[in-house]
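A look at the structure
Letter by letter, the chains look like this.
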Amino acid sequence: MSVASQAIPFAPYREFSNDALCERITDAKRKLGSSLLILGHHYQQDEVIEHADLTGDSYQLSKMAADSLDCRYIVFCGVHFMAETADILANREEKLVARDGISIPVVLPDMAAGCSMADMAAIRQVESAWKQLSEVIDTEDMTPVTYINSAASLKAFCGRHNGIVCTSSNAKAVLDWAFAKRKRVFFFPDQHLGRNTSLKMGITNDQMPIWNPHEEVLGGNTKESIEQSRVVLWKGHCSVHQMFQAEHVHSFRKRIDGIKILVHPECPQEVNDIADISGSTSKIIETVRAAPAGTKWAIGTELHLVNRLKKEHPEQEIHFLSPLVCMCATMYRIDLAHLCWSVENLVNGTVVNQIKVKEDIAKWSLVALERMLTVSK
Ligand code: 13P
Ligand code: SF4
């Protein structure tokens, strides 16, 4: 395995047609055989997802990385935090022992594929918030919970402070776990997932102050509101799901008789409260698959997934919930050219764009991730 500086240059890949790129990827996959595992998140564009060996939501993809044994490379068609999680889980001690010490490089085809929500919480801000909280309440009685859409350093913070990771598919189980142990939760970075999940558990908005990391004192809260809190919500959101609004739901219900509203829990409370069903990307897919022909849907999640569902289910009537284009620009950075470039480099024994989490951060992140995997079993 050689270093990335000897990599095939990316530039010529822009010139290839999609057909040519597809042929080259297929050829590289054939040469690499079972040593290569391509994982694809549901928001990836169709032409990329076609090359994925396995697809899933964030939780399922974590499990796939955690269970991987035979492959020697993982190429992650998703975003940065997902590739970090795959590196931590695929290269944990027990996996290294099972593979006679061989570690698996995790490749993110385009390093610019980040997540704007994950970028809304930096570790120094979380540490400063925790310190300020500890001056007002007993943080020994508070569980930090990070949504998986966060940097590994935040997962490590949760690992060190008896906390845990959650995904959109297990947030309720994770909060149940947290409340069975302690009185309060500090939930970051997605206020909407934290709020929507907590509301379903009977926690009210006045028990959920919002922590604004840009406010100097107590995240913009009073001492009393922190003392009365059950869940402190970080002021972060997904810029894609934030665009769905209650008026879009009302408009569909007015126009289409019997329409069902299906949304992701990263949507704001006003949308989530009036939707028929809310769930992870996999739950959205399974719900549509299980519905009888003729079912009418307006779906509030990333555009590529909704368009794929429309194509796969012509027997149902599927609409995109927003009149605007809500697509994840960073997921979209992974294209055929980047995928082709990464896998052809692997054929030549060169790993480009490897995501490697620092040892100490990986160790503590794993603690929080393993708690989540145990809770979700
Ligand atoms: P899922 O875990 O539901 O796939 O969500 C991931 C994500 O980034 C949603 O914006
Ligand atoms: Fe992040 Fe939103 Fe994109 Fe999901 S859809 S990866 S939360 S920016």
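In this report, the structure presented in the accompanying data block is examined. Keep in mind the model is a prediction, meaning the values are calculated, not measured. (Residues numbered from 1 in each chain as written. Chains lettered and ligands numbered in written order. Predicted model: local features only at pLDDT ≥ 70, side-chain atom pairs only at ≥ 80, totals over all residues. Heavy atoms only, no water.)

**Describing the overall build of the protein**
Broken down by element type, the protein carries 16 helices and 13 strands. Computed over its C-alpha atoms, the radius of gyration of the protein comes to 21 Å, within 12% of the 21 Å expected for a compact globule of 377 residues. A principal-axis box enclosing the C-alpha atoms of the protein has dimensions of 60 × 55 × 35 Å. Each of the 377 residues in the protein was classed as buried or not, and the buried ones make up 57%. Summarising the internal contacts of the protein: among those between residues at least 6 apart in sequence, 70% fall at separations of at least 24. A total of about 15800 Å² of accessible surface is found on the protein, and carbon and sulfur atoms cover 50% of it. Averaging the positions of the 40 positive and the 46 negative side-chain charges in the protein gives two centres separated by 3 Å. (Helix = DSSP H or I, 4+ residues; strand = E, 2+ residues; numbered from the N terminus. Rg over C-alpha atoms; globule rule 2.2 N^0.38 Å. Buried < 20%, exposed > 50% of the residue type's maximum accessible area, 1.4 Å probe, protein only. Contact = heavy atoms within 4.5 Å. Areas by Shrake-Rupley, 256 points an atom, 1.4 Å probe, with all protein chains shown as cover. Lys, Arg positive; Asp, Glu negative; His and termini not counted. Charge placed at Lys NZ, Arg CZ, Asp CG, Glu CD.)

**Focus: the packing of helix α1 (residues 18-32) against helix α15 (residues 336-347)**
α15 packs onto α1 with a crossing angle of 30° between their chain directions and a minimal axis gap of 9 Å. Considering the angle they form, α1 stands roughly parallel to α15. As for the relative orientation of α1 and α15, their crossing is left-handed in sense. For the pair α1 and α15, contact is made by Asn18, Leu21, Cys22, Arg24, Ile25, Ala28, Lys31 and Leu32 and by Leu336, Ala337, Leu339, Cys340, Val343, Glu344, Leu346 and Val347, respectively. Tallied by class, residues from the contact of α1 with α15 come to 12 nonpolar, 1 polar and 3 charged. (Axes fitted to C-alpha atoms, helices over the stretch in contact; angles between N-to-C directions. Parallel < 35°, antiparallel > 145°, perpendicular 65-115°, else oblique. Left-handed = near helix turned anticlockwise from the far one by under 90°. Nonpolar A, V, L, I, M, F, W, Y, C, P; charged D, E, K, R; others polar.)

**Here's the deal with helix α8 (residues 171-181)**
Considered for burial, the residues of α8 that qualify are Ala171, Val174, Leu175, Ala178 and Phe179. All buried residues of α8 project into a common sector of 130° when viewed along the axis, lining one side. Buried residues in α8 make contact with β5 (142-147), β6 (164-166), β7 (184-188), α9 (191-200), β9 (231-234) and α16 (359-375). (Arc of directions from axis to C-beta.)

**Side note on the site of ligand 1**
Surrounding ligand 1, one finds His41, Tyr43, Asp57, Ser58, Asn149, Ser168, His241, His264, Glu266, Ser280 and Thr281. Here Ser168 contributes a side-chain N or O atom positioned 2.7 Å from an oxygen atom of ligand 1. In the environment of ligand 1, an oxygen atom lies 2.8 Å from a nitrogen or oxygen atom belonging to the side chain of Glu266. When the free accessible area of ligand 1 is taken as 300 Å², the share hidden by the protein chains comes to 95%. For the shell around ligand 1, the residue count by class is 1 nonpolar, 8 polar and 2 charged. (Near = heavy atom within 4 Å. Polar contact = N/O pair within 3.5 Å; in protein donor to acceptor, adjacent residues only side chain to side chain.)

**Some remarks on the packing of helix α6 (residues 123-134) against helix α7 (residues 152-160)**
Packing of α6 against α7 leaves a shortest axis separation of 9 Å and a crossing angle of 30°. If you check the angle between α6 and α7, you find them roughly parallel. Of the residues in α7, those in contact with Ile123, Val126, Glu127 and Trp130 of α6 are Ser153, Leu154 and Phe157. For the contact of α6 with α7, a count of residues per class yields 5 nonpolar, 1 polar and 1 charged.

**Some thoughts on the packing of aromatic side chains**
The full count for this structure, using the stated rule, is 11 aromatic pairs. Note on Phe186 and Trp234: the rings are 6.0 Å apart at their centroids and 50° apart in plane angle, and the pair reads as tilted. Here the residue Phe186 occupies a position in strand β7, and Trp234 occupies one in strand β9, the gap between them amounting to 48 residues. For Phe186, a relative accessible area of 0% gives the class buried. The exposure class of Trp234 is buried, given its relative accessible area of 0%. Aromatic rings pair up to connect Trp130, Phe157, Phe186, Phe188, Trp211 and Trp234 into one cluster. (Phe/Tyr/Trp six-rings, centres within 6.5 Å; stacked < 30°, edge-to-face > 60°.)

**So, the pattern of salt bridges**
Counted by the stated rule, this structure contains 16 salt bridges. Linking Glu344 and Arg24 is a salt bridge whose minimum nitrogen-to-oxygen distance equals 2.8 Å. Note that Glu344 is positioned in helix α15 and Arg24 in helix α1, a separation of 320 residues in sequence. Salt bridges here are not isolated pairs; linked through shared partners, they connect Asp27, Arg30 and Lys31. (Salt bridge = Lys/Arg side-chain N within 4 Å of Asp/Glu carboxyl O.)

**Looking at the site of ligand 2**
The immediate surroundings of ligand 2 are formed by Tyr43, Cys115, Ser116, Met117, Asn149, Cys238, Val240, Glu266 and Cys328. When its residues are assigned to classes, the shell around ligand 2 shows 6 nonpolar, 2 polar and 1 charged.

**A few points about the sheet that holds strand β12 (residues 296-300)**
Two orientations exist for strands paired in a sheet by backbone hydrogen bonds: parallel and antiparallel. One open sheet accounts for 4 strands, arranged β11-β10-β12-β13; its pairing is parallel. The open sheet is flanked by β11 (277-278) and β13 (317-320), the only strands paired with a single partner. Across the sheet, helix α11 (residues 246-255) lies against β10 (260-263), β12 and β13, angled at about 155° from β10, the strand it touches most. Contacts between helix α14 (residues 303-312) and the sheet are confined to β12 and β13, with β13 contributing the most and set at about 165° to the helix. (Pairing = 2+ DSSP bridges.)

**Let's talk about empty space enclosed by the protein**
According to the stated counting rule, one finds 1 cavity of 30 Å³ or more in the structure shown. Each pocket or cavity is described by its volume, and for the largest cavity that value is around 60 Å³. In terms of lining, the largest cavity is formed by Ser58, Leu61, Ser62, Phe76, Phe81, Met82, Thr85, Ala86 and Ile148. Listed by contribution, the elements that provide at least two residues to the lining of the largest cavity are α3 (58-67) and α4 (80-90). In terms of residue count, α4 provides more of the lining of the largest cavity than any other element does, 4 residues in total. Split into classes, the residues belonging to the lining of the largest cavity amount to 6 nonpolar, 3 polar and no charged. (1 Å grid on protein atoms, 1.4 Å probe; cavity = no way out; pocket = protein on both sides within 12 Å on 5 of 7 lines; lining within 4 Å. Points joined across faces, edges and corners; volume = space filled by probe spheres on them.)

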